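Residue strings, one per chain:
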Amino acid sequence: MSTGPVNTAVLRTEFRLFRREPAGIFWIMLFPTLLLAVLGSIPSFREADPALGGLRPVDAYVPVTLLLGLIIGGLQGMPPTLTGYRETGILRRMSTTPVRPSALLAAQMTVLGAASLVSALLTLAVGRLAFGVALPRQPLGHLLALLLALAASLALGALLSALSRTAKIATAAGSAALFPAMFTAGVWLPVEAMPELMADIVGWTPFGAAARALDAASAGHWPGAAHLAVTAGWAVLLTAGAVRWFRWE
């Protein structure tokens, strides 16, 4: 049997399962946009801030909330699902059928990646229509930075899946990694507004570098090569770790 129809069937199944999970849809696709809407409703967030180079805080938080959807998808969506499949023996049983376990992994990454990108589009639309936030002035650089950040997030989720023995441990590990990732992305304080030393340190993390790249693209500049390289490097490193330690049983 050709693997193409089989892989397509797995993808459709994973999409249907994701669609039946209201919590996943809310946290990945809707929560970042709702957070931006709440922040944008604060009057002071719609006033120019010299600490942000004359930007309004709501302008600075659009790249942050874009990253937030990607982070939640990778760290909260993937680890408990994949680890749960392994824990209950689903992956082991799949190995005796035409469906390869790698097809399930690819389907998971496709579904979560698509949901994260939909979240990003919703955030950009609400920022533009509700608060007058300018669309990225360097769209190709912005898209590249976003895709690299998505790759790093999914790779980190796959690594946590590889290292976790049970779904409960995977959920806890994803939650533990979520808050540092959110901090480096600028959820509590945009990277632009961080003290210089802190911003430099954060810039060596995958989501801190991605935040700097998205900021540059939003302002109309091509993202810095160093920031793109850091984000891509983390994606490659995390993927290598996930491949090295992942077990189907």
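The protein goes by Transport permease protein in an unreviewed UniProt entry, where it is assigned to Streptomyces thermodiastaticus. On record in UniProt, under Sequence similarities (unreviewed entry), the comment for the protein is "Belongs to the ABC-2 integral membrane protein family."

(A) View of the nonpolar core. Counting 62 residues, the largest nonpolar core has Phe 18, Ile 28, Leu 67 and Ile 71 as the members making the most contacts within it. When residues of this core are assigned to their parent elements, the largest contribution, 14 residues, is made by helix α3 (residues 57-87). Not counting the four nearest positions on each side in its chain, Leu 67 is found in contact with Ala 149, Ala 185, Phe 207, Ala 210, Ala 211 and Leu 214.

(B) How the structure looks around the layout of surface pockets. Approximately 430 Å³ is the volume found for the largest pocket. Contributing to the lining of the largest pocket are 18 residues, with Leu 17, Phe 18, Glu 21, Gly 77 and Thr 81 lying nearest its centre. When contributions to the lining of the largest pocket are tallied by element, the ones reaching two or more residues are α1 (3-19), α2 (22-40), α3 and α5 (101-131). The element best represented in the lining of the largest pocket is α3, accounting for 6 residues. In terms of residue class, the lining of the largest pocket is built from 10 nonpolar, 5 polar and 3 charged. Taken as a whole, the second largest pocket spans an internal volume of roughly 280 Å³. Of all elements in the fold, only α3 and α9 (206-218) reach the threshold of two or more residues within the lining of the second largest pocket.

(C) Spotlight on the packing of α9 against helix α10 (residues 225-245). Where α9 meets α10, the axes come as close as 8 Å, and the angle between the chain directions of the two elements is 145 degrees. Handedness of the crossing formed by α9 with α10: left-handed. Two secondary-structure elements touch here, α9 through Pro 206, Ala 209, Ala 210, Arg 212 and Ala 213 and α10 through His 227, Leu 228, Val 230, Thr 231 and Trp 234. When grouped by side-chain class, the residues that make up the contact of α9 with α10 number 7 nonpolar, 2 polar and 1 charged.

(D) Region of the structure containing empty space enclosed by the protein. Scanning the model with the defined rule gives 1 cavity of 30 Å³ or more in all. Considering only enclosed or pocket space, the largest cavity measures out at about 30 Å³ in volume. Taken together, Ala 60, Pro 63, Val 64, Ala 185, Pro 190, Val 191, Ala 211 and Asp 215 make up the full set of residues lining the largest cavity. It is α3 that provides the largest number of residues to the lining of the largest cavity, a total of 3 residues. Among the residues making up the lining of the largest cavity, the classes are represented as 7 nonpolar, no polar and 1 charged.

(E) Just the packing of aromatic side chains, in detail. Applying the stated criterion across every chain, the model contains 5 aromatic pairs. With 5.0 Å between their ring centres and 80 degrees between their planes, Phe 26 and Trp 27 make a pair best called edge-to-face. Under the relative-accessibility criterion, Phe 26 is labelled partly exposed at 31%. Aromatic ring contacts, followed pair by pair, group Phe 26, Trp 27 and Phe 31 into a single cluster. Note that Arg 86 overlies the ring of Phe 246, its terminal NZ or CZ placed 5.3 Å from the centroid.

(F) Examining helix α7 (residues 167-185) more closely. With 19 residues, α7 should reach 27 Å at 1.5 Å per residue; the first-to-last C-alpha distance of 26 Å fits that figure. Every buried residue belonging to α7 is among Ala 170, Gly 174, Leu 178, Ala 181, Met 182, Thr 184 and Ala 185, and all of these are buried. Looking at the buried residues of α7, the elements they touch are α3, α6 (139-163), α8 (196-202) and α9. Directly after α7, the chain includes Gly 186, whose backbone phi takes a positive value near 100 degrees.

(G) View of the side chain of Ser 153. Within the secondary structure, Ser 153 is located in helix α6. Apart from residues no more than four positions distant in its own chain, Ser 153 is found in contact with Leu 70, Ile 71, Gly 74, Leu 75 and Phe 207.

(H) A look at the UniProt feature "transmembrane region" (unreviewed entry) in the protein. The UniProt record marks residues 25-45, 60-82, 103-131, 143-162, 169-189 and 225-246 with the feature "transmembrane region" (unreviewed entry), using the residue numbering of this structure. The distance from the first to the last C-alpha atom of residues 103-131 is 41 Å, and the span holds 100% helix and 0% strand.

(I) A look at the pattern of salt bridges. On inspection of all chains with the given rule, the structure shows 1 salt bridge. For Arg 56, the salt bridge is made with Asp 59, and the minimal N-O distance between the two is 2.9 Å. For Arg 56, a relative accessible area of 17% corresponds to the buried category. For Asp 59, a relative accessible area of 17% translates into the label buried.

Conventions and cut-offs
- Residues numbered from 1 in each chain as written.
- Predicted model: local features only at pLDDT ≥ 70, side-chain atom pairs only at ≥ 80, totals over all residues.
- Heavy atoms only, no water.
- UniProt positions renumbered as here; feature names shortened; annotations may be inferred.
- Core = buried A, V, L, I, M, F, W, Y, C linked by side-chain atoms within 4.5 Å.
- Buried < 20%, exposed > 50% of the residue type's maximum accessible area, 1.4 Å probe, protein only.
- Helix = DSSP H or I, 4+ residues; strand = E, 2+ residues; numbered from the N terminus.
- Contact = heavy atoms within 4.5 Å.
- 1 Å grid on protein atoms, 1.4 Å probe; cavity = no way out; pocket = protein on both sides within 12 Å on 5 of 7 lines; lining within 4 Å.
- Points joined across faces, edges and corners; volume = space filled by probe spheres on them.
- Nonpolar A, V, L, I, M, F, W, Y, C, P; charged D, E, K, R; others polar.
- Axes fitted to C-alpha atoms, helices over the stretch in contact; angles between N-to-C directions.
- Left-handed = near helix turned anticlockwise from the far one by under 90°.
- Phe/Tyr/Trp six-rings, centres within 6.5 Å; stacked < 30°, edge-to-face > 60°.
- Lys NZ or Arg CZ within 6 Å of the ring centre and 35° of its normal.
- Expected span 1.5 Å × (residues − 1).
- Salt bridge = Lys/Arg side-chain N within 4 Å of Asp/Glu carboxyl O.

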